[in-house]
Protein chains: 2
Amino acid sequence: MQKPLDIAVVGSGLVGSLLSLYLQRAGHRVTVYDRSQDIRNVNFSGRSINLVMSDRGWRAVAGAGITEEIKKIGIPVDKRAIHKLDSSVVFQPYGKEGQTIYSLSRGILNRKMIDLAEAAGVNFKFEQKVWDIDLAQASIQTGESERGEWTSHQHDLVFGSDGAFSRVRHKMQRQSMFNYSQEFLNIGYKELHIPANPDGSHQLDPHSLHIWPRGNFMLMALANLDGSFTCTLFMPHEGDFSFASLTDKALLEAFFAKHFPDTEQVIPDLVEDFFKNPTSYLVTMKCFPWTYQNKVALIGDACHAIVPFYGHGMNAGFEDISVLFELMDAHGDDWNAIFRAYENSRKPNADAIAELSYRNFMEMSSKTADENFLLQKEIERWFSDLHPDLWVPLYSRVTFSTEPYKQALEMGDFQNAIMEKVLALPGIKTNWKTAEVERFILSELSK
Amino acid sequence: MQKPLDIAVVGSGLVGSLLSLYLQRAGHRVTVYDRSQDIRNVNFSGRSINLVMSDRGWRAVAGAGITEEIKKIGIPVDKRAIHKLDSSVVFQPYGKEGQTIYSLSRGILNRKMIDLAEAAGVNFKFEQKVWDIDLAQASIQTGESERGEWTSHQHDLVFGSDGAFSRVRHKMQRQSMFNYSQEFLNIGYKELHIPANPDGSHQLDPHSLHIWPRGNFMLMALANLDGSFTCTLFMPHEGDFSFASLTDKALLEAFFAKHFPDTEQVIPDLVEDFFKNPTSYLVTMKCFPWTYQNKVALIGDACHAIVPFYGHGMNAGFEDISVLFELMDAHGDDWNAIFRAYENSRKPNADAIAELSYRNFMEMSSKTADENFLLQKEIERWFSDLHPDLWVPLYSRVTFSTEPYKQALEMGDFQNAIMEKVLALPGIKTNWKTAEVERFILSELSK
């Protein structure tokens with residue numbers, strides 16, 4: 001057991017609240033500062049994308065002993081439902097029988113996590129805006145405004161779990177030798193809504209992630225417990241087929257009628273929601289180092305914000321917590337050693353999930369509608385069933401395992417190179433379930 | 001002629017002072033704000049690297065009609081002098097007969113540029129710290145400290161020429177869709193000094209850029225008008241052969257005696273300067289966009305800070321000014337059009353010189369000591385003399401032309417691929433000045 005410390009956690013989002021629970025359980029005194037109101041007392045923003053919890057997230061949740069509480073508020077999802085332009089639907093399982101991810105509403109999950117952390121003794125201070133931090137002293141400055149009066153709060157350690165626009169990182173960024181990048185995607189997103197049936201049931205299959213892949217734009221939907229779906233429209237900010245091009249009701253309705261004809265019945269408030277809800281931005285943010293001496297550490301989106309197309313922002317942040325606590329077990333009170341090992345272990349994996357997430361927009365928006373891609377998935381599933389130890393598909397490595405992301409990315413690239421050769425074999429489209437194809441893949445794998 | 005505007009230039013460095021002169025001459029009222037004291041009244045910092053002015057810089061200087069004034073304070077340099085470990089020296093011309101770059105002291109050049117701009121009517125305000133800027137209003141806030149009282153200054157346009165750590169860019173960076181990266185090199189640098197002979201003459205050839213290439217570290221020296229040389233030691237911050245490893249007088253002297261034996265006589269104050277002068281950092285900074293509506297534009301290091309190994313930081317910044325003024329001629333009072341064309345024209349070229357500069361550390365520190373590299377340079381020079389229209393070497397494209405950097409980089413890569421094949425020809429080392437090699441290169445060029 002570590003010597004108990006007075007620890008500040010900046011940010012009460014998903015990673016901050018779970019981290020605070022872990023730290024409090026480990027015997028530390030934890031204060032969480034958040035610049036916003038208590039999310040338990042406010043309406044949600046209309047700018048959310050539903051989360052999917054997968055193995056890495058569940059591992060961290062299990063470590064805090066709250067698996068059952070979280071499962072209650074999630075809906076298992078075991079496949080993609082791909083809505084074609086002719087309104088037919090193709091289902092594509094994510095993994096093997098029984099392997100599922102869980103759809104969770106960000107707001108509901110966040111409220112639950114704060115409840116659990118508060119019950120464990122964590123002190124939450126809302127509407128406390130952190131403006132500055134003395135890195136060497138682990139003291140933070142809060143106040144109403146950046147130019148107004150500030151109050152200083154002294155702690156032993158500070159964790160910055162304050163998201164992609166982290167104020168803690170902002171201070172670290174002013175040091176020499178601090179590498180940093182932020183890169184915005186030209187794709188934005190907007191929340192839309194599929195309400196429940198009058199009897200409270202779901203209008204679409206709740207156990208599918210629904211996608212309407214249309215090339216450089218797409219619609220997706222994930223189920224909520226109350227029978228509704230949270231939908232997200234992803235499309236370019238500018239250009240043809242962009243948010244900038246849909247300037248009025250008539251253009252919007254014509255666009256949806258042409259590209260998402262089967263949604264007319266299920267999204268009744270399209271026009272109102274579209275023009276009311278904000279268009280949000282997508283950014284990939286990378287930085288290094290993540291820590292300052294034995295005093296300050298960044299965690300979650302504050303040090304590795306990624307685009308949402310693999311559904312791994314929260315899962316990667318939760319995995320930071322799992323790794324951090326393994327290192328706390330290994331290094332005891334040597335926070336210098338803990339922080340160096342933490343950032344060196346996590347950085348390559350954070351870069352890998354950033355890359356995987358970036359690539360997955362193309363997979364979701366274009367490839368899921370592509371015959372060759374669907375054939376590749378079928379061949380991979382067939383070969384993986386024959387040789388489960390020799391072929392774990394990339395999606396399963398990322399989602400249904402805790403294999404380091406970096407290794408998953410490398411293996412995925414290796415497998416993809418093999419599948420490119422397989423798809424180039426003569427007659428493969430009609431004649432793939434053969435001993436010849438099996439032998440070909442086995443021989444490629446052994447190279 | 002444009003409608004006269006009230007223009008603020010933030011930063012009185014080389015780019016800011018030349019830009020202010022251009023704007024004032026074009027009929028605008030220009031105020032330059034700088035957070036530091038007037039450089040004309042202070043001693044220089046001991047953290048400078050001498051500048052080299054080449055064709056792009058001279059083009060901008062000529063546009064302001066101040067070529068003769070600047071030539072007077074520079075020293076022409078037409079070759080590298082490569083100091084080998086055995087103290088022998090190899091000379092390597094930069095270009096053709098008569099092609100030179102100019103060595104300039106940053107401080108002396110900056111003082112001269114401010115004098116010239118002030119004489120033209122520019123209003124310089126020193127010790128004015130800019131803390132904030134209202135981008136849409138083109139108003140800037142100055143004050144003694146970030147948290148103290150501020151004074152607001154309203155202008156029609158603001159240019160941010162405030163360097164790699166630009167405060168103007170810092171404000172732009174808070175917008176959505178602003179891409180940004182800063183990446184520090186593990187190589188740092190320190191200024192050292194070769195004094196003049198008692199009679200005021202130079203101890204080494206003043207018309208050479210002197211390099212002591214030693215793999216992952218190197219020393220270089222550029223002449224000053226007063227008979228001295230400004231030397232720069234580049235080496236890693238950490239590790240073997242690093243700034244961190246040279247902790248005392250004995251280690252430092254042994255290091256120089258071993259690796260730079262011929263410098264003992266010419267750098268008498270090595271120990272004092274080494275431990276007195278700061279170790280400086282090298283960063284590559286990229287961002288986009290560079291402008292805000294028709295109100296604010298970044299220029300020079302503020303939007304494209306590069307490492308110094310091609311000697312093009314100032315030249316690239318001065319070229320920004322040349323391009324900006326061409327666009328002002330083309331678009332008149334339409335500053336929206338000027339700024340869009342400016343950033344779109346300059347960004348790819350800024351990225352290209354960043355890449356070229358990054359690569360050139362390897363060329364200067366390692367390749368200049370490499371037999372194959374020297375042979376390649378000889379063959380290129382020979383072929384270029386035979387076919388001057390068909391082969392302009394990369395260094396000449398970058399330095400002795402105003403060909404866009406992006407095109408120079410692409411042509412350089414194309415030529416390098418050819419030279420790799422040439423160097424792989426059998427017997428090339430002894431037998432390269434032949435019609436066969438000439439025909440080989442001609443045939444590769446026509447592919």
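Just so it is clear, the model here is predicted, and its values are computed rather than measured.

**Q** What is the right way to look at the overall build of chain A in this model?
**A** Across its full length, chain A carries 14 helices and 20 strands. Its C-alpha radius of gyration of 23 Å places chain A within 12% of the 22 Å reference for a compact globule of 447 residues. Projected onto the principal axes, the alpha-carbon positions of chain A cover approximately 70 × 55 × 45 Å. Counting the 447 residues in chain A, one finds 54% classified as buried. Excluding contacts between residues fewer than 6 apart, the proportion of contacts in chain A whose partners are at least 24 apart in sequence is 71%. Carbon together with sulfur atoms contributes 50% to the accessible area of chain A, which is approximately 18,800 Å² in total. Charge centroids of chain A, computed over 45 positive and 57 negative side chains, lie 3 Å from each other.

**Q** How do you make sense of the interface of chain B and chain A when you look at a structure like this?
**A** As a measure of interface size, the accessible area lost when the parts come together is often cited. The partner chain A presents 23 residues to the 22 residues of chain B that form the contact. Taking both partners together, chain B and chain A bury about 1,800 Å²; carbon and sulfur atoms supply 44% of that area. Looking at the side of chain B facing chain A, the largest losses of area belong to Arg147, Met177 and Gln182 of chain B, adding up to 35% of the total buried there. The interface formed by chain B and chain A contains 2 salt bridges. The salt bridge involving Glu146 of chain B is made with Arg174 of chain A; its shortest N-O contact spans 3.8 Å. On the surface where chain B and chain A come into contact, there are 13 residue pairs in polar contact (both at pLDDT 80 or more). Per element, the largest residue contribution to the side of chain B that touches chain A is 6 residues, and it comes from strand S13 (residues 179-184) of chain B. By the bridge criterion, 3 bridges tie strand S13 (residues 179-184) of chain A to S13 of chain B in an arrangement that is antiparallel. Of the residues in S13 of chain B, the one forming a bridge with Ser181 of chain A is Ser181 of chain B.

**Q** I would appreciate a short explanation of the relation of the copies chain B and chain A in the present structure.
**A** Relating one copy of the chain to the other takes a rotation about an axis and a shift parallel to that axis. By a simple turn and slide, chain B fits onto chain A: the slide is 0.0 Å along the axis, the RMSD is 0.0 Å, and the turn is 179°. Classification of the inter-copy transformation places it as that of a two-fold axis. Of every C-alpha in chain B, the one belonging to Ser181 of chain B sits nearest the axis of rotation, 2.0 Å from it. Most of the interface of chain B is mirrored in chain A, where 100% of its interface residues are also at the interface.

**Q** Explain the environment of Ser17 of chain A to me, please; I cannot follow it from the model alone.
**A** Residue and element names in this part refer to chain A. The topology assignment puts Ser17 in helix H1 (residues 14-25). On the basis of relative accessibility, which here comes to 0%, the residue Ser17 falls in the buried class. The sequence separation of Ser17 and Ser357 amounts to 340 residues, and the corresponding C-alpha distance is 24 Å. Other than its neighbours up to four places away in sequence, Ser17 contacts Ser12, Asn110, Met113, Ile114, Ala117 and Phe124. Reaching out from Ser17, the side chain makes a polar contact with the backbone oxygen of Gly13 at a distance of 2.7 Å.

**Q** Teacher, can you tell me more about the domain arrangement of chain A here?
**A** Residue and element names in this part refer to chain A. Taken as a whole, chain A is organised into domain 1 (6-43 + 61-73 + 105-182 + 282-360) and domain 2 (370-445). The gap between the C-alpha centroids of domain 1 and domain 2 is 37 Å. On the domain 2 side, the residues contacting the 13 residues of domain 1 number 10 residues. Looking only at domain 1, the three residues that lose the most surface to domain 2 are Tyr310, Asn349 and Leu356, adding up to 43% of its buried area. At the junction of domain 1 and domain 2, the tally comes to 1 salt bridge. Between Asp413 and Arg359 there is a salt bridge, with its nearest N and O atoms 2.8 Å apart. There are 5 residue pairs in polar contact (both at pLDDT 80 or more) connecting domain 1 and domain 2. Counting residues per element, the ones that place at least two in the side of domain 1 that touches domain 2 are helix H9 (313-331) and helix H10 (335-365). Among the elements that line the side of domain 1 that touches domain 2, the one with the most residues is H10, at 8 residues. Its residues placed into classes, the side of domain 1 that touches domain 2 shows 6 nonpolar, 3 polar and 4 charged.

**Q** Sorry if this is basic, but what is going on with the sheet that holds strand S10 (residues 139-142) of chain B here?
**A** What links the strands of a sheet is backbone hydrogen bonding, and the strands pair in either a parallel or an antiparallel sense. Residue and element names in this part refer to chain B. Taking strand neighbours across the sheet as the criterion, the 3 strands line up as S9-S10-S11 in an open arrangement whose pairing is antiparallel. Since the sheet does not close on itself, it has two edges, and those belong to strand S9 (130-134) and strand S11 (151-154), each with one partner. Adjacent strand axes in the sheet meet at a mean angle of 25° when their direction is disregarded. Bridge count between S10 and S11: 4 bridges; the pairing is antiparallel. In the sheet register, Ile140 faces S11, and the bridge partner there is His153.

**Q** Is there a simple way to think about the sheet that holds strand S3 (residues 51-53) of chain A in this case?
**A** Residues and elements named next belong to chain A. In space, the 3 strands of this open sheet follow the order S3-S7-S4, with antiparallel pairing throughout. Every other strand in the sheet has two partners, leaving S3 and strand S4 (75-77) as the edge strands with one partner each. Across the sheet, the mean angle separating the axes of adjacent strands is 40° when strand polarity is ignored. Two strands pair when backbone bridges link them, and S3 and strand S7 (residues 101-104) are joined in this way by 3 bridges, in the antiparallel orientation. If you follow Val52 over to S7, its bridge partner there is Ser103.

**Q** Whenever I open this one, the side chain of Ser139 of chain B confuses me. Can you help?
**A** Residue and element names in this part refer to chain B. Tracing the backbone shows Ser139 in strand S10. Relative accessible area serves as the criterion here: at 6%, Ser139 is assigned to the buried category. Sequence-distant contacts of Ser139, that is, excluding residues within four places in its chain, are made with Asp132, Ile133, Asp134, Ser152, His153 and Gln154.

**Q** What is the right way to look at the packing of aromatic side chains in this model?
**A** Each aromatic ring pair is specified by the distance between its two centres and by the angle formed by the two planes. All told, the structure shown has 49 aromatic pairs over all chains when counted by the stated rule. An angle of 90° between the planes, with centres 6.0 Å apart, marks the rings of Phe217 of chain A and Phe260 of chain A as edge-to-face. Within this pair, whereas Phe217 of chain A is found in the loop between strand S15 (208-213) and strand S16 (218-223), its partner Phe260 of chain A is found in the loop between helix H6 (249-259) and helix H7 (270-276), the two being separated by 43 residues in sequence. Neither residue differs from the other here; Phe217 of chain A and Phe260 of chain A are each classed as buried. Pairwise contacts between aromatic rings join Phe217, Phe241, Phe255, Phe256 and Phe260 of chain A into one cluster. When the ring centre of Tyr405 of chain B is taken as origin, the NZ or CZ atom of Arg56 of chain B, which lies over that ring, is 3.9 Å away. If you follow Lys190 of chain B out to its NZ or CZ, it ends over the ring of Phe274 of chain B, 4.8 Å from the centre.

**Q** Is there a simple way to explain the environment of Asp115 of chain A in this structure?
**A** Residue and element names in this part refer to chain A. Structurally, the position occupied by Asp115 is in helix H4 (residues 106-119). On the accessibility criterion, Asp115 (39% relative accessible area) is partly exposed. Separated by 71 residues in the primary sequence, Asp115 and Phe44 have C-alpha atoms spaced 17 Å apart.

**Q** What is the right way to look at the pattern of salt bridges in this model?
**A** Tallied over the full model, the rule gives 52 salt bridges over all chains. The residue Arg80 of chain A makes a salt bridge to Glu363 of chain A at a minimum N-O spacing of 3.3 Å. A residue pair is termed long-range when its members are at least 10 positions apart, and Arg80 of chain A in strand S5 (residues 79-83) and Glu363 of chain A in helix H10 qualify at 283 residues. With relative accessibility at 3%, the residue Arg80 of chain A sits in the buried group. Since its relative accessible area comes to 14%, Glu363 of chain A is described here as buried. Ionic pairing is found between Lys377 of chain B and Glu363 of chain B, a salt bridge with its closest N-O pair at 3.5 Å. Residue Lys377 of chain B is found in helix H11 (residues 371-386), and its partner Glu363 of chain B is found in helix H10 (residues 335-365); the two are separated by 14 residues along the sequence.

**Q** Where do I start with the packing of helix H1 (residues 14-25) of chain B against helix H9 (residues 313-331) of chain B in this structure?
**A** What describes two packed helices is the angle between their axes and the distance between those same axes. Residues and elements named next belong to chain B. In the contact formed by H1 and H9, the axes pass within 9 Å of each other and the chain directions differ by 20°. Taken as axis vectors, H1 and H9 run roughly parallel relative to one another. Handedness of the crossing formed by H1 with H9: right-handed. Judged by residue contacts, Leu14, Val15, Leu18, Leu19, Tyr22 and Leu23 of H1 engage Met314, Gly317, Phe318, Ile321, Leu324, Phe325 and Met328 from H9. When its residues are assigned to classes, the contact of H1 with H9 shows 12 nonpolar, 1 polar and no charged.

Cut-off values and rules
Residues numbered from 1 in each chain as written. Chains lettered and ligands numbered in written order. Predicted model: local features only at pLDDT ≥ 70, side-chain atom pairs only at ≥ 80, totals over all residues. Heavy atoms only, no water. Helix = DSSP H or I, 4+ residues; strand = E, 2+ residues; numbered from the N terminus. Rg over C-alpha atoms; globule rule 2.2 N^0.38 Å. Buried < 20%, exposed > 50% of the residue type's maximum accessible area, 1.4 Å probe, protein only. Contact = heavy atoms within 4.5 Å. Areas by Shrake-Rupley, 256 points an atom, 1.4 Å probe, with all protein chains shown as cover. Lys, Arg positive; Asp, Glu negative; His and termini not counted. Charge placed at Lys NZ, Arg CZ, Asp CG, Glu CD. Buried area = accessible area lost by both parts, 1.4 Å probe. Salt bridge = Lys/Arg side-chain N within 4 Å of Asp/Glu carboxyl O. Polar contact = N/O pair within 3.5 Å; in protein donor to acceptor, adjacent residues only side chain to side chain. Pairing = 2+ DSSP bridges. Least-squares fit on C-alpha atoms with pLDDT ≥ 70 in both. Domains from an automatic or database assignment. Nonpolar A, V, L, I, M, F, W, Y, C, P; charged D, E, K, R; others polar. Axes fitted to C-alpha atoms, helices over the stretch in contact; angles between N-to-C directions. Phe/Tyr/Trp six-rings, centres within 6.5 Å; stacked < 30°, edge-to-face > 60°. Lys NZ or Arg CZ within 6 Å of the ring centre and 35° of its normal. Parallel < 35°, antiparallel > 145°, perpendicular 65-115°, else oblique. Left-handed = near helix turned anticlockwise from the far one by under 90°.

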